Amino acid sequence: MKQNLLKIKLASVAISAAMLSPSLQAQVGGDSNSDALALLLEQNQQLRAELQALRGMIEEQGFEVRKLQRDSLNRYTNIDDRLTALESAAVSAPA
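Residues numbered from 1 in each chain as written. Predicted model: local features only at pLDDT ≥ 70, side-chain atom pairs only at ≥ 80, totals over all residues. Heavy atoms only, no water.

**Re the overall build of the chain**
Secondary structure summary: the chain contains 3 helices and 0 strands in total. The helix and strand sequence of the chain, counted from the amino end, reads α-α-α. Counting across all 95 residues of the chain, residues that qualify as buried make up 9%. Total accessible area computed for the chain in this model is approximately 8100 Å², and 61% of it derives from carbon and sulfur atoms. (Helix = DSSP H or I, 4+ residues; strand = E, 2+ residues; numbered from the N terminus. Buried < 20%, exposed > 50% of the residue type's maximum accessible area, 1.4 Å probe, protein only. Areas by Shrake-Rupley, 256 points an atom, 1.4 Å probe, with all protein chains shown as cover.)

**So, a nonpolar patch on the surface**
On the surface, Ile79, Leu83 and Leu86 cluster together into a nonpolar patch covering about 300 Å² of accessible area. With respect to the secondary-structure elements, Ile79 resides in helix α3 (residues 34-92). By relative accessible area, which is 45% here, Ile79 ends up partly exposed. (Patch = residues over 30% accessible without salt bridge, like charges linked within 9 Å, V, L, I, M, F, W, Y side chains within 5 Å. Salt bridge = Lys/Arg side-chain N within 4 Å of Asp/Glu carboxyl O.)

**Description of the confidence of the model for the chain**
Per-residue confidence for the chain gives a mean pLDDT of 82; residues scoring 70 or more make up 64%. When mean pLDDT is compared element by element in the chain, α3 scores highest at 96, while helix α2 (residues 22-30) scores lowest at 53. (pLDDT = per-residue confidence, 0-100.)

Next comes the structure, spelled out in structure tokens:
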């Protein structure tokens with residue numbers, strides 16, 4: 001599932017990169033600095049893709065942390081309820 005989510009996010013970054021302004025695309029292809037500008041543009045796109053992937057990982061990890069916190073609270077509550085029931089049974093049982 002993580003791989004599918006990552007592929008979807010990378011595809012959305014690729015679509016965003018394809019929608020660059022025409023003036024920026026013209027600059028990349030036009031002057032003597034075109035190689036340097038093309039390299040910067042490619043690096044920018046790679047960094048955006050990496051940032052998007054990292055944001056997705058952070059979102060997934062946040063979900064996992066919330067789930068672990070919820071599970072931990074449920075375990076604690078369950079143990080507390082069982083101990084309370086045992087204490088009540090011990091008090092009410094004749095010795």
